[in-house]
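Here's the letter readout for the chains.
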Amino acid sequence: MKSKGFAACAAVAMLGVVGVGVNGASADETSTTPVLKTELSGVEGTEANIVLFDVAAGWETQRHIHPGHVFVYVTEGSIQVDVDGEEPRTFAAGEAFYELPDKPMVARTTSADEGARFIVFQVGPTGEPIMVPHPQ
C-alpha cells in the first residue's frame, strides 16, 4: 500500500532529523511520529509534512533553519523558541506559532522537570528535511 511506504520513509527521515538536531536529550528521550507527508497538487515542487514531537525535559535543538514555512502547535508542556535577531518567545500548551524559512534558531523545553509535546506542520520544497543544522 502506498501510504505505508510514505509513512515508513517519513519515519526514517524524521529519525535522522532528530538525531542531528537534538543536544540535551538523547534520541530515545525524543520521539517523532510522522502524521502526513504529501506533495501538494497544483504547487509543483512543494510538499506538506506533519510530524508529532514528544520531547523530554532538558531537550534542546542545535542551531538550525527550516527550509519551508513551519507552523507549530504545542499540546503539552512548553517550549522556548530563540530566533536570531528576535527576543526569545515561550509557547505553552494550547498555543501555536509560525516560523519563517531560513531563519537560524534554537528551540528547547522550558522546564528541567517536564517535557513537551507539539505538532509541526511544514510547507516547503519537496524532499527537504524539516530542519537543517546551521552552525554560527
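Look above for the structure.
Throughout what follows, the structure given in this document is the object of discussion. Along each chain, residues carry numbers from 1 onward, in the same order as the chain's sequence is written. Local features in a predicted model are, by the rule used here, given only for residues with pLDDT of at least 70; side-chain atom pairs are given and counted only at 80 or more, and totals for whole chains, interfaces and linings are based on all residues. Only heavy atoms go into the side-chain values, all of them from the structure, while hydrogens and water stay out.

1. Re the overall build of the protein
Then comes step 1: Within the protein, the secondary structure is distributed over 1 helix and 10 strands.
Then comes step 2: Strands here mean DSSP runs of E at least two residues long; helices mean DSSP runs of H or I at least four residues long; both are numbered from the N terminus. The linear arrangement of helices and strands in the protein, starting from the amino end, is α-β-β-β-β-β-β-β-β-β-β.
Then comes step 3: For every residue, the accessible area obtained with a 1.4 Å probe (protein chains only) is divided by the maximum for its type, and the residue is called buried under 20%, exposed over 50%, and partly exposed between those limits. When each of the 136 residues of the protein is scored for burial, the buried share is 38%.
Then comes step 4: Here, residues are in contact when the closest pair of their heavy atoms is within 4.5 Å. Contacts spanning at least 24 positions in sequence make up 70% of the contacts within the protein whose residues lie at least 6 apart.

2. Quick notes on the pattern of salt bridges
Then comes step 1: What counts as a salt bridge is simple: a side-chain nitrogen of Lys or Arg found within 4 Å of a carboxyl oxygen of Asp or Glu. Under the definition given, this model contains 4 salt bridges.
Then comes step 2: Residues Lys 37 and Glu 47 are paired through a salt bridge, measuring 4.0 Å at the closest nitrogen-oxygen approach. Separated by 10 residues along the polypeptide, Lys 37 in strand 1 (residues 30–39) and Glu 47 in strand 2 (residues 46–55) bring together distant segments of the chain.
Then comes step 3: Among the residues examined, Lys 37 registers a relative accessible area of 22% and is labelled partly exposed.
Then comes step 4: Among the residues examined, Glu 47 registers a relative accessible area of 7% and is labelled buried.
Then comes step 5: Residues Asp 54 and Arg 117 are paired through a salt bridge, measuring 3.9 Å at the closest nitrogen-oxygen approach. Here Asp 54 is found in strand 2, whereas its partner Arg 117 is found in strand 9 (residues 116–125), with 63 residues between them in sequence.
Then comes step 6: Owing to a relative accessible area of 31%, Asp 54 belongs among the partly exposed residues under this scheme.

3. As for the packing of aromatic side chains
Then comes step 1: Between rings of Phe, Tyr and Trp, where Trp is taken as its six-membered ring, a pair exists when centres lie within 6.5 Å; planes separated by under 30 degrees are stacked, by over 60 edge-to-face, and by other angles tilted. A full pass over the atoms with the stated rule returns 5 aromatic pairs.
Then comes step 2: Taking the centre distance of 5.9 Å and the plane angle of 40° together, the rings of Phe 71 and Phe 121 count as tilted. With Phe 71 in strand 4 (residues 69–76) and Phe 121 in strand 9, this pair connects stretches of sequence that are 50 residues apart.
Then comes step 3: Seen in terms of ring centroids, Phe 91 and Phe 97 are 4.1 Å apart; in terms of plane orientation they differ by 20°. Their pairing is stacked. In terms of burial, Phe 91 and Phe 97 fall into one category: buried.

4. Some points on the environment of Gly 68
Then comes step 1: Among the secondary structure elements, Gly 68 is positioned in the loop between strand 3 (64–65) and strand 4.
Then comes step 2: Taking the relative accessible area as the measure of exposure, Gly 68 reaches 2% and is therefore buried.
Then comes step 3: In this structure, the C-alpha to C-alpha distance between Gly 68 and Pro 125, residues 57 residues apart in sequence, is 6.5 Å.
Then comes step 4: Those residues within four positions of Gly 68 in sequence are excluded, and the remaining contacts are Glu 99, Leu 100, Pro 101, Gln 122, Val 123, Gly 124 and Pro 125.

5. Topic: the nonpolar core
Then comes step 1: By nonpolar core is meant a set of buried Ala, Val, Leu, Ile, Met, Phe, Trp, Tyr and Cys residues that side-chain atoms within 4.5 Å join together. Val 72, Ile 79, Phe 97, Phe 118 and Val 120 are the most contacted members of the largest nonpolar core, which totals 18 residues.
Then comes step 2: Those elements that provide at least two residues to this core are strand 2, strand 4, strand 5 (78–83), strand 8 (105–109) and strand 9.
Then comes step 3: If near-sequence neighbours (up to four positions away) are discounted, Val 120 is found in contact with Asn 49, Ile 50, Val 51, Phe 53, Val 70, Phe 71, Val 72 and Ile 130.

6. Considerations on a nonpolar patch on the surface
Then comes step 1: Patch building starts from residues that exceed 30% relative accessible area and form no salt bridge, then joins like charges within 9 Å and nonpolar side chains (Val, Leu, Ile, Met, Phe, Trp, Tyr) within 5 Å. Working definition of accessibility: Shrake-Rupley area with a 1.4 Å probe, residue cover restricted to the visible protein chains. A cluster of nonpolar residues, Phe 71, Tyr 98 and Leu 100, forms a patch on the protein surface that exposes about 270 Å² of accessible area.
Then comes step 2: Judged by its relative accessible area of 37%, Phe 71 is partly exposed.

7. Describing unusual backbone geometry
Then comes step 1: Located in the positive-phi region is Asp 102, a residue other than glycine, with phi close to 60°.
Then comes step 2: With respect to the helices and strands, the residue Asp 102 is situated in the loop between strand 7 (96–99) and strand 8.
Then comes step 3: Accessibility expressed as a relative area gives 47% for Asp 102, which makes it partly exposed.

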